Amino acid sequence: MGIATKVLGLIASLSFLILTHELGHFTFAKIFKTRVDQFYMFFNPGFAILRMKKFDGKLHFSFFSGKAPKEWAEHPEHTEWGLGWLPLGGYCAINGMVDETTKATDLDEEIHPWEFRAKPAWQRFFIIIGGVLVNFISAIIIYIAICFTWGREYIPMENVRYGMEFSKEMQDAGFQNGDKILLVDTVKPQTINDFMNNLLLEDVKTVTVDRGGEKVVLNISKNLPRKLVGASSKDNTFCNYRIPFVIDSVLADSPAQKAGLQRGDSLVGVGDSAVFGFFDYKRIFTQNKNKELAISFYRGDSLYTTKVALDSLGNIGVGYKQPYQYFGTVQEDYGFFQSIPKGVKMGVQTLGDYIKQFKIVFTKEGATQLGSFLTIGSIFPDVWDWARFWNMTALLGIILAFMNIIPIPGLDGGYILFILVEMVTGRKPSDKFLGIANTIGFAFLILLMAYALGLDFWRFFIK
């Protein structure tokens, strides 16, 4: 059910984003009286699940067909709406536009007034940028709705009484498990996400921590963000809450149940070594898959020891108490009019953070962190949660808008670049040139997607 929920969340989120993106193109095309030949949710190679077209005053349907009925071709002024079977995207085929649906050789020699290529540059600019614009506006509207519906709940850094746990790279930089974060340069981070974002995206010089009641100032190397990005696929995160391992639930017929562990047991050691933090246990268990370990734990005031046979993933089959159960949370609620500026701020800040992250992509370490649909899907929760779903959808909307504006042929940004050059020089690129540029751009994008998919297969199925 967990994997099914992730897949459902991913498809639902991307479907919403694709629909709104293509509707942006469609809306501006209609504003400027440009014909849209087809509007499809999902791709339809070979056949379409549904085709629909309105003419002669009524709707006409075709199901599971390879091509539209011949009589539909007599009404080219009306859009064919459809649902494909391959849920990896969608498209809006604008008449007279060289793109993934139309080659330059498919166009008539005569340019008709309803075609995209017949429109002035400024109208073509808005038709193309409409998808990006609607994605960004949709993300802001979602953030506004999130603020109004759920508000904001977070764990304040000052509540984290056990301090933090750090990856090897962070410990090499001077951090120690149990450190409490006080300042990043001169700024007090409100949440753990504030701390991690600042450390990765800003030019941080120092971090001040509370170490056993003493303030310690750590000097941060400029290379630390790159090291953290390069190692993130191994440890998932470079910083987390330091919490004890207290069992909250035990799965039936699990290694933990067979070993006699119960809800409320607090793990305190492995073998002859005392171990406190939950993520220390997670690391030890991962390193000892399919092995039997001696576990020490407290049940009430009594100390016990048992042996647990870990499964092939290094799990023992228990749920554990979450950080908020130890530290509590702060809930911020917003009225309707308060939600608007807060949602706008969240959208703009998310876009700004993503732009800052993009500089890391062009490093050796950043290139290894690219991901495909598998990576995106893994971020969705195992159990359906509307707040997290819409948060993820808004984030992906921001990412989709930014990625599409990059000036690569085949993306919206490539078309925009050519239109801007035309506006400046007064010379319009030929349809043949656009076709060649798009072919090269699509080839590059396919190679990039294949590379990202290969990395994901390595992470999820081989490593």
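Here the structure is shown first, and the text comes after it.
What you see is a predicted model; the values in this text were computed from it and never measured. (Residues numbered from 1 in each chain as written. Predicted model: local features only at pLDDT ≥ 70, side-chain atom pairs only at ≥ 80, totals over all residues. Heavy atoms only, no water.)

Two elements, strand 8 (residues 180–184) and strand 9 (residues 206–211), share four bridges in a ladder whose sense is antiparallel. Each bridged residue has a counterpart across the sheet, and for lysine 180 the counterpart in strand 9 is aspartate 210. In this structure, strand 9 lies alongside strand 10 (residues 214–219), joined through six bridges in antiparallel fashion. Bridging across to strand 10, valine 207 finds its partner in leucine 218. With antiparallel pairing between neighbouring strands as the criterion, strand 9 and strand 10 make up a hairpin whose turn holds two residues, including glycine 212 at a positive phi of roughly 65°. (Pairing = 2+ DSSP bridges. Helix = DSSP H or I, 4+ residues; strand = E, 2+ residues; numbered from the N terminus.)

Time to look at the packing of helix 2 (residues 121–149) against helix 12 (residues 386–405). Interhelical geometry of helix 2 versus helix 12 gives an angle of 155° and a closest axis separation of 8 Å. By the criterion of interaxial angle, the relationship of helix 2 to helix 12 is roughly antiparallel. In the crossing of helix 2 with helix 12, the sense of the turn from one axis to the other is left-handed. Contact residues: Ile129, Val132, Asn135, Phe136, Ala139, Ile142, Tyr143 and Ile146 in helix 2; Trp390, Asn391, Thr393, Ala394, Leu395, Gly397, Ile398, Leu400, Ala401, Asn404 and Ile405 in helix 12. (Axes fitted to C-alpha atoms, helices over the stretch in contact; angles between N-to-C directions. Parallel < 35°, antiparallel > 145°, perpendicular 65-115°, else oblique. Left-handed = near helix turned anticlockwise from the far one by under 90°. Contact = heavy atoms within 4.5 Å.)

Of the pairings in the sheet, the one linking strand 12 (residues 245–250) to strand 13 (residues 266–270) comprises two bridges and is antiparallel in character. Residue pairing in the sheet places phenylalanine 245 in a bridge with leucine 267 of strand 13. Taken together, the three bridges between strand 12 and strand 17 (residues 318–320) define a ladder with antiparallel strand orientation. Opposite valine 250, over in strand 17, you have valine 318 as the bridge partner.

In spatial order, the strands read 3-2-4-1-5; together these five strands make up an open sheet with mixed pairing. Looking at which strands have only one partner, the edges of the open sheet turn out to be strand 3 (58–65) and strand 5 (86–94). Adjacent strand axes in the sheet meet at a mean angle of 15° when their direction is disregarded. Running at roughly 170° to strand 1 (residues 36–43), helix 1 (residues 2–31) makes contact with strand 1, strand 4 (80–83) and strand 5 of the sheet.

Moving on: the nonpolar core. By size, the foremost hydrophobic cluster in this structure holds 46 residues, and its most contacted members are Phe175, Ile181, Phe195, Leu199 and Phe285. In contact with leucine 199, other than residues within four places in its own chain, are Met170, Val204, Val207, Ile220, Leu224, Pro225, Leu228 and Phe238. If you look at the next biggest cluster of nonpolar residues, it comprises 18 residues, including Phe32, Ile127, Tyr415 and Ile419. (Core = buried A, V, L, I, M, F, W, Y, C linked by side-chain atoms within 4.5 Å. Buried < 20%, exposed > 50% of the residue type's maximum accessible area, 1.4 Å probe, protein only.)

With that out of the way, let us pick up the sheet that holds strand 10. The strands that make up a sheet are held in pairs by hydrogen bonds between backbone atoms, and each pair lies either parallel or antiparallel. Here we have three strands laid out as an open sheet, ordered 8-9-10, and antiparallel in their pairing. The two strands at the open ends of the sheet, each matched to only one other strand, are strand 8 and strand 10. Neighbouring strand axes in the sheet, compared pairwise and without regard to direction, differ in orientation by 30° on average.

Attention now goes to the environment of arginine 211. Turning to its location among the elements, arginine 211 is positioned in strand 9. The exposure class of arginine 211 is partly exposed, given its relative accessible area of 22%. If near-sequence neighbours (up to four positions away) are discounted, arginine 211 is found in contact with Gly174, Phe175, Gln176, Asp179, Val216 and Leu218.

Its place among the elements puts asparagine 240 in strand 11 (residues 239–241). Spatially, the C-alpha atom of asparagine 240 lies 42 Å from that of histidine 25, the residues being 215 residues apart in sequence. For asparagine 240, the residues in contact, after removing those within four places along its chain, are Met164, Glu165, Ile192 and Phe279.

Below, the discussion takes up the pattern of salt bridges. A complete count under the given rule lists 16 salt bridges for this structure. Residues glutamate 80 and arginine 51 are paired through a salt bridge, measuring 2.9 Å at the closest nitrogen-oxygen approach. Pair noted here: glutamate 80 is in strand 4 and arginine 51 is in strand 2 (residues 48–55), with a separation of 29 residues, a long-range link. The two residues glutamate 80 and arginine 51 agree in class, both being buried. Residue glutamate 422 pairs with arginine 124 through a salt bridge whose shortest N-O separation is 2.7 Å. Taken as a pair, glutamate 422 in helix 13 (residues 412–425) and arginine 124 in helix 2 lie far apart in primary sequence, 298 residues in all. The pair glutamate 422 / arginine 124 is uniform in exposure class, with both members buried. Through salt bridges with shared partners, a single network forms among Glu165, Arg242, Asp280 and Arg283. (Salt bridge = Lys/Arg side-chain N within 4 Å of Asp/Glu carboxyl O.)

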